[in-house]
Amino acid sequence: MVLRSGCKFGPVLVWFRLGYVVLLWLCVTHLRCARAETKTVVQKDAEFDVTYNDTVTSDNQTIYAFNHTVSRNKTEGIRVTVDVLSEGAESSPILFVVRQKQAVLSFQVPLILRGLYQRKYPYAHVGRTLCQPPTRSLTETQYFFVDVSTLSSLGTHYQLRISRVDSFTLHTDKKFSFTASPSQPQYFKYVFPDGVDTVIVKVNSEMTFPCSVMSIQDIQCPVYDLDNNVAFIGMYQTMTKTAAITVQRKDFPSNSFYVVVVVKTEDEACGGPLRFYPLRPDELIDAGNRSKTLDVVVSPAISSDVYVMGMLFCLGIFLSFYLLTFLVACVENKRMHRRREGLLNPADMSPAETASLLGKPGVTPVSPYEYGSFVDNASTLSSEAITDSIASDANYRYMERSLESVAGRSRHESLSSIEEDDYDTLADIDSDKNIVRTKKYLCVSDLARKDKRVLSKKYQIYFWNIVTIGVFYALPVIQLVITYQTVVNVTGNQDICYYNFLCAHPLGNLSAFNNILSNLGYVMLGLLFLLIVLQRDIIHSRALDRNDLNALECGIPKHFGLFYAMGTALMMEGLLSACYHVCPNYTNFQFDTSFMYMIAGLCVLKLYQKRHPDINASAYTAYACLAAVIFFSVLGVVFGKGNMVFWIVFSVLHILATMLLSTQLYYMGRWRLNSGILRRIVYVIYTDCIRQCSGPMYIDRMVLLVMGNIVNWSLAAYGLLKTPNDFASYLLAIAICNLLLYFAFYIIMKLRSGERIQCMAMVCILFTAVVWGFALFFFFQGLSTWQKTPAESREHNRDCIVLSFFDDHDIWHFLSSIAMFGSFLVLLTMDDDLDNVQRDKIFVF
């Protein structure tokens, strides 16, 4: 009976308990609401330029109401300054909310800003500028409110001050000074005046640190003016002492923009010291005094007329070289024509003698093309000597025999294979090479024994290979730099590219058009050099087709493949240098230097080929070595900075390569690198140094190689001891030093051998030396450097120096392209004095 009663009232008890829980919840909620209703909200009518001292707790909230009149034609800023005076406010900060008509700004005090590795820096003094919403009316009264609240049950004392910023709008060409800190950023408004489409905003400071950020933002709310959000929109760049951003009207529909200056919480982004790592994750670090005094000025940039003048100036300089080349060619052609007339109609010959002379059997009448190269290069002889030589019957008999021997040799060559490998693999020819190339005194005829058609094809490979390399190299480079420029334009991060921001003139999507335009000289002068080489190649080919004696038996063998490769490399250098200057930085610096290595290597090969045509390196070997150089250049840029292991490996490889190349040059390739090399080295040391002290057989070669080893060992030691940050330039310096050393040796040996340098070549040498001197002066001005941080690099920026359009580095581009063109002309003309000399009379060195 009892069990039945319990079962009967069980559901009633469950519902009773549920109702009790609901009632209890309602009571608690009511108590909370009642307590909340007891919080005091105080609204005060406040005024500008008055300091309000007050205390806030969790039980009260203060609202300050402000009103001011705004004008459509005048913009004045409003500054909110807050100080927290109570100790220990970091645990329960005060929240300030500024409510405006079209914007809301909120911040806490103390303001906590984060640095690297989650370091936290509290700031009890905060100053912010309110974003001003636009007004359509001529004048309008606007209201805004400042809400002050906290969750701290203890009273927190603070000071609040609202003031007007009278100099909120910047004026053109008027400098304005101000002070900023991480918790007190500053920004100002600038309106484009009529007729000005581009301006350059410059911010300067006498203080290197603290590091700061300058940003250009559109007129919209909110304005991102703290270290942790300044990079969200607009264009920005870090700065130490200087920053400059070029701003175009087309990028801002409102024809105005904000200049925002923020001081960073740490200096690491500007190359400053990195603070210690906090011992506890939530430890607050005192940042100390990080106030910085700066000044800002907005100046009009150049007009479109200056762009046109800059482009015409650039084109005019290099087109003048085309005109000068054309005039020289005309003068030279006229001089050659007069000499041909003097040779065909000498003054001391009667017409009958001249007729009988031209009618001699076996001697054909002389055409202008036939005597062209002979007369042009026979300036070592007087006109009387030339006349006597032509009038001599003995010389005519010699010419007849020579032409007959040349004709016979041509018939023999036409019946033989023209493959170089077939010639070199015969055992008797190999023995002959060992005999010829190991003679103590070599002549060019000893090293010009191979079929000229084979060598011509061999050296043409240089040209076609570098064209192929250039195409495959340039296409991804162009694609990459376009991507770089797009990233800069989209993100606004101007720390990506190392421009000279004080002279960076944009055009379209390009940020520094002047640095790109100035590379036009490499392309135009490279093309001009190709045309000059082509003209010489055509004249030489015609002379060979006529079996001209001078072309076949005299002078340095004419092979133009390397010259074509040099001209193409100069054009590619211009293209890739322009690509590099689209967005210059350390990751793409090899674009600017790769073909500089190519040019230096090709010039060395051309110098060596002049007197060693049969044993010069093949195109495949040469380009493989240059590829290895570029490979090490990339490794050095990426891993070489401060990496001693890399420098040790590179220095060892540098020295080994120098020794191997020295051996190859000294023995003219007549040695082998195999397992018996050590035994042969020991044998040579024993026989030549221990058993009997004998000097080197090839003294001239030994002098060159000893000097070359001294230079290269010194450069290797310098790199190992100093470990320079700019590895690409260090590697280029090695190539240039070796080229200059070999060139100086070549000139000295040429003069020592009784040869002379013609007037045209001497003019090219002197002109090129002077231009190189001025070019290097401008190169070492150092307007930017990616070896430092972007902010430190901008300390080296300078204003334009030519036409308000070109800077020092642009002048380096102009002068270096002219100097390279002159250097190529020197290589092309320096041996013209030998075109009338038999090859067995021209010494090899």
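Our structure's up above, just so we're on the same page.
Bear in mind that the values here come from a model prediction, so they are computed numbers and not experimental data.

Peer 1: What am I meant to see in the overall build of the protein here?
Peer 2: When helices and strands are counted, the protein shows 22 helices and 20 strands. Counting every position in the protein, which comprises 845 residues, the buried fraction comes to 46%. Sequence separation of 24 or more characterises 81% of the internal contacts of the protein that already satisfy a separation of 6 or more. For the protein, the exposed surface amounts to about 42900 Å²; the carbon and sulfur share of it is 63%.

Peer 1: How should I be thinking about the state of the cysteines in this particular structure?
Peer 2: Think of a disulfide as a covalent bridge from one cysteine sulfur atom to another cysteine sulfur atom. The tally for this structure, following the rule as stated, stands at four disulfides. Across the disulfide from Cys131 sits Cys221; the S-S distance is 1.8 Å. Judged by the sign of its S-S torsion, about -85°, the bond between Cys131 and Cys221 is left-handed. Of this pair, Cys131 sits in the loop between strand 9 (125–129) and strand 10 (139–149) while Cys221 sits in the loop between strand 16 (212–218) and strand 17 (235–239), placing them 90 residues apart in sequence.

Peer 1: I'm lost on the packing of aromatic side chains in this one. Help?
Peer 2: Geometry of an aromatic ring pair is reported as the spacing of the ring centres plus the angle between the planes. Taken as a whole and assessed by the stated rule, the structure comprises 51 aromatic pairs. Their ring planes at 80° and their centres at 5.1 Å tell us that Phe650 and Phe727 sit as a pair that is edge-to-face. Placement of the pair is Phe650 in helix 16 (residues 644–666) and Phe727 in helix 19 (residues 727–752), with a sequence separation of 77 residues. We note that Phe650, like Phe727, is buried. Members of the aromatic cluster, connected to one another through ring pairs, are Tyr307, Phe313, Phe318, Phe513, Phe805, Phe806 and Phe814.

Peer 1: When you look at the packing of helix 15 (residues 619–639) against helix 16 in this model, what are you seeing that I'm missing?
Peer 2: Two packed helices can be described by the angle between their axes and the distance between those axes. It is at 11 Å that the axes of helix 15 and helix 16 come closest, and there the two elements cross at 160°. Comparing the axis directions of helix 15 and helix 16 gives the class roughly antiparallel. Of the two elements, helix 15 crosses helix 16, and the hand of that crossing is left-handed. On helix 16, the residues touching Phe632, Leu635, Gly636 and Phe639 of helix 15 are Phe646, Phe650 and Leu653.

Peer 1: Please explain the environment of Gly77 as it appears in this structure.
Peer 2: Checked against the element boundaries, Gly77 lands in strand 4 (residues 77–84). Put simply, Gly77 and Phe168 are 91 residues apart on the chain and 5.3 Å apart in space, counted from C-alpha to C-alpha. Beyond its immediate chain neighbours, meaning those up to four positions away, Gly77 contacts Ser163, Arg164, Val165 and Phe168.

Peer 1: Sorry if this is basic, but what is going on with the pairing of strand 16 here?
Peer 2: Where a strand is regular, its side chains alternate between the two sheet faces. Burial runs high along strand 16: six of the seven residues are buried. Across five bridges, the pairing between strand 16 and strand 17 is antiparallel. When the bridges of strand 17 are listed, Ser215 appears paired with Tyr236. The sheet contact formed by strand 16 and strand 19 (residues 256–263) spans seven bridges and is antiparallel. Within the sheet, the bridge partner assigned to Val213 lies in strand 19 and is Val262.

Peer 1: How do you make sense of the nonpolar core when you look at a structure like this?
Peer 2: Nonpolar side chains tend to gather and get buried jointly when the protein is soluble and globular. Membership of the largest hydrophobic core comes to 109 residues, with the highest contact counts inside it found for Tyr462, Phe529, Phe563, Leu602, Tyr623, Phe805 and Phe821. Beyond its immediate stretch of four places on either side in the chain, Leu602 contacts Tyr462, Ile466, Leu562, Ala565, Met566, Ala569 and Tyr623. Formed by 32 residues, the second largest nonpolar core is a distinct cluster that contains Val80, Val109, Leu111 and Val148.

Peer 1: Explain the pairing of strand 6 (residues 104–109) to me, please; I cannot follow it from the model alone.
Peer 2: Of the two faces of strand 6, only one is covered, namely that formed by Leu105, Phe107 and Val109; the face formed by Val104, Ser106 and Gln108 stays uncovered. Where strand 5 (residues 94–99) lies against strand 6, six bridges are found, and the strand directions are antiparallel. If you follow Arg99 over to strand 6, its bridge partner there is Val104.

Peer 1: Please clarify how the pattern of salt bridges should be interpreted in this entry.
Peer 2: Close approach of charged atoms allows side chains of opposite charge to pair. Counted according to the given criterion, the structure contains 21 salt bridges. The closest approach of N and O atoms between Asp225 and Arg128, which form a salt bridge, is 2.8 Å. With a gap of 97 residues between them, Asp225 in the loop between strand 16 and strand 17 and Arg128 in strand 9 connect regions that are remote in the sequence. Classification of Arg128 by relative accessible area gives buried; the value is 5%. As a salt-bridge pair, Asp831 and Lys750 come within 2.7 Å of each other at their nearest N and O atoms. Of the two residues, Asp831 is situated in the segment after helix 22 (808–829) and Lys750 in helix 19; the sequence distance between them amounts to 81 residues. We note that Asp831, like Lys750, is buried.

Peer 1: Explain a nonpolar patch on the surface here, please?
Peer 2: A surface patch of nonpolar side chains, about 870 Å² in accessible area, is lined by Met644, Val645, Ile648, Val649, Val652, Leu653, Leu656, Met659, Trp713 and Leu720. Mapped onto the nonpolar patch, the elements with two or more residues apiece are helix 16 and helix 18 (699–722). Considering each element in turn, the nonpolar patch owes the most residues, eight residues, to helix 16. Looking at the secondary structure, you find Met659 in helix 16.

Peer 1: Just to check I follow, could you spell out the packing of helix 16 against helix 18 for this structure?
Peer 2: Direction vectors running N to C along helix 16 and helix 18 enclose 175°, while the axes themselves pass 9 Å from each other. Considering the angle they form, helix 16 stands roughly antiparallel to helix 18. Mapping the contact onto sequence places Met644, Trp647, Ile648, Ser651, His654, Ile655, Thr658, Met659, Ser662, Leu665 and Tyr666 in helix 16 and Arg701, Met702, Leu705, Asn709, Asn712, Trp713, Leu715, Ala716, Gly719 and Leu720 in helix 18. Residues belonging to the contact of helix 16 with helix 18 are distributed by class as follows: 13 nonpolar, seven polar and one charged.

Peer 1: Mind showing me how you'd approach the sheet that holds strand 2 (residues 51–56) here?
Peer 2: By definition, the strands of a sheet pair up through backbone hydrogen bonds, in either a parallel or an antiparallel sense. Spatial strand order, 2-11-4-9: four strands in an open sheet with antiparallel pairing. Each end of this open sheet is capped by a strand with a single partner; those strands are strand 2 and strand 9. Adjacent strand axes in the sheet meet at a mean angle of 20° when their direction is disregarded. Taken together, the eight bridges between strand 4 and strand 11 (residues 156–165) define a ladder with antiparallel strand orientation. Looking at strand 11, one finds that Gly77 is bridged to Val165.

Peer 1: What's the story with the sheet that holds strand 19 in this structure? I'm lost.
Peer 2: Read across the open sheet, the five strands follow the order 12-14-19-16-17; overall the sheet is mixed. Of all the strands in the sheet, just strand 12 (169–170) and strand 17 have a single pairing partner and so form its edges.

Peer 1: Please explain the environment of Gln186 as it appears in this structure.
Peer 2: Structurally, the position occupied by Gln186 is in strand 14 (residues 186–191). The spatial distance from the C-alpha of Gln186 to the C-alpha of Val259 is 8.3 Å, given a sequence separation of 73 residues. Apart from the residues within four sequence positions on either side, Gln186 is in contact with Arg79, Thr129, Phe178, Thr179, Ala180, Val259, Val260 and Val261. A polar side-chain atom of Gln186 sits 3.1 Å from the main-chain carbonyl oxygen of Thr179.

Peer 1: I tried to follow helix 20 (residues 759–779) on my own but got confused; where do I start?
Peer 2: Each full turn of the α-helix corresponds to 3.6 residues, which orients residues three or four apart in the same direction. With 21 residues, helix 20 should reach 30 Å at 1.5 Å per residue; the first-to-last C-alpha distance of 30 Å fits that figure. Along helix 20, the residues classified as buried are Ala761, Cys764, Ile765, Thr768, Val771, Ala775 and Phe778. All buried residues of helix 20 project into a common sector of 150° when viewed along the axis, lining one side. Exposed positions of helix 20 whose direction lies more than 90 degrees from the buried face are Cys759, Leu766, Phe774 and Phe777. Elements in contact with the buried residues of helix 20: helix 19 and helix 22.

Peer 1: Could you clarify how one ought to interpret helix 22 in this entry?
Peer 2: In a regular helix each residue adds 1.5 Å, so 22 residues correspond to 32 Å; helix 22 covers 31 Å between its end C-alpha atoms and thus fits that length. Helix 22 sits mainly inside the fold: 20 of its 22 residues count as buried. Between the side-chain oxygen of the N-cap and the backbone nitrogen of His809 there are 3.1 Å, and the N-cap of helix 22 in question is Asp807.

Peer 1: Even after reading the chapter, I still don't get the environment of Thr785, so can you show me in this structure?
Peer 2: Looking at the element boundaries, Thr785 is found in the loop between helix 20 and helix 21 (790–793). Separated by 285 residues in sequence, Thr785 and Asn500 place their C-alpha atoms 9.6 Å apart. Here Gln787 takes part through its backbone nitrogen, which lies 3.2 Å from a polar atom of the side chain of Thr785.

Peer 1: Sorry if this is basic, but what is going on with unusual backbone geometry here?
Peer 2: Only a minority of non-glycine residues have a phi that is not negative, and only a minority of peptide bonds are not trans. Between Phe209 and Pro210 the backbone carries a cis peptide bond, its omega angle lying at 10°. In this structure, Pro210 sits in the loop between strand 15 (198–204) and strand 16. At the junction of Cys221 and Pro222, the peptide bond is cis and its omega measures out at 0° in the coordinates. Tracing the chain through its elements places Pro222 in the loop between strand 16 and strand 17. The phi dihedral of Asn547 is positive, around 55°, even though this residue is not glycine. Summarising the element assignment, Asn547 is placed in the loop between helix 11 (520–545) and helix 12 (549–553). In this structure Asn547 comes out as partly exposed when scored by relative accessible area, which is 27%.

How each quantity is defined
Residues numbered from 1 in each chain as written. Predicted model: local features only at pLDDT ≥ 70, side-chain atom pairs only at ≥ 80, totals over all residues. Heavy atoms only, no water. Helix = DSSP H or I, 4+ residues; strand = E, 2+ residues; numbered from the N terminus. Buried < 20%, exposed > 50% of the residue type's maximum accessible area, 1.4 Å probe, protein only. Contact = heavy atoms within 4.5 Å. Areas by Shrake-Rupley, 256 points an atom, 1.4 Å probe, with all protein chains shown as cover. Disulfide = S-S within 2.5 Å. Phe/Tyr/Trp six-rings, centres within 6.5 Å; stacked < 30°, edge-to-face > 60°. Axes fitted to C-alpha atoms, helices over the stretch in contact; angles between N-to-C directions. Parallel < 35°, antiparallel > 145°, perpendicular 65-115°, else oblique. Left-handed = near helix turned anticlockwise from the far one by under 90°. Pairing = 2+ DSSP bridges. Core = buried A, V, L, I, M, F, W, Y, C linked by side-chain atoms within 4.5 Å. Salt bridge = Lys/Arg side-chain N within 4 Å of Asp/Glu carboxyl O. Patch = residues over 30% accessible without salt bridge, like charges linked within 9 Å, V, L, I, M, F, W, Y side chains within 5 Å. Nonpolar A, V, L, I, M, F, W, Y, C, P; charged D, E, K, R; others polar. Polar contact = N/O pair within 3.5 Å; in protein donor to acceptor, adjacent residues only side chain to side chain. Expected span 1.5 Å × (residues − 1). Arc of directions from axis to C-beta.

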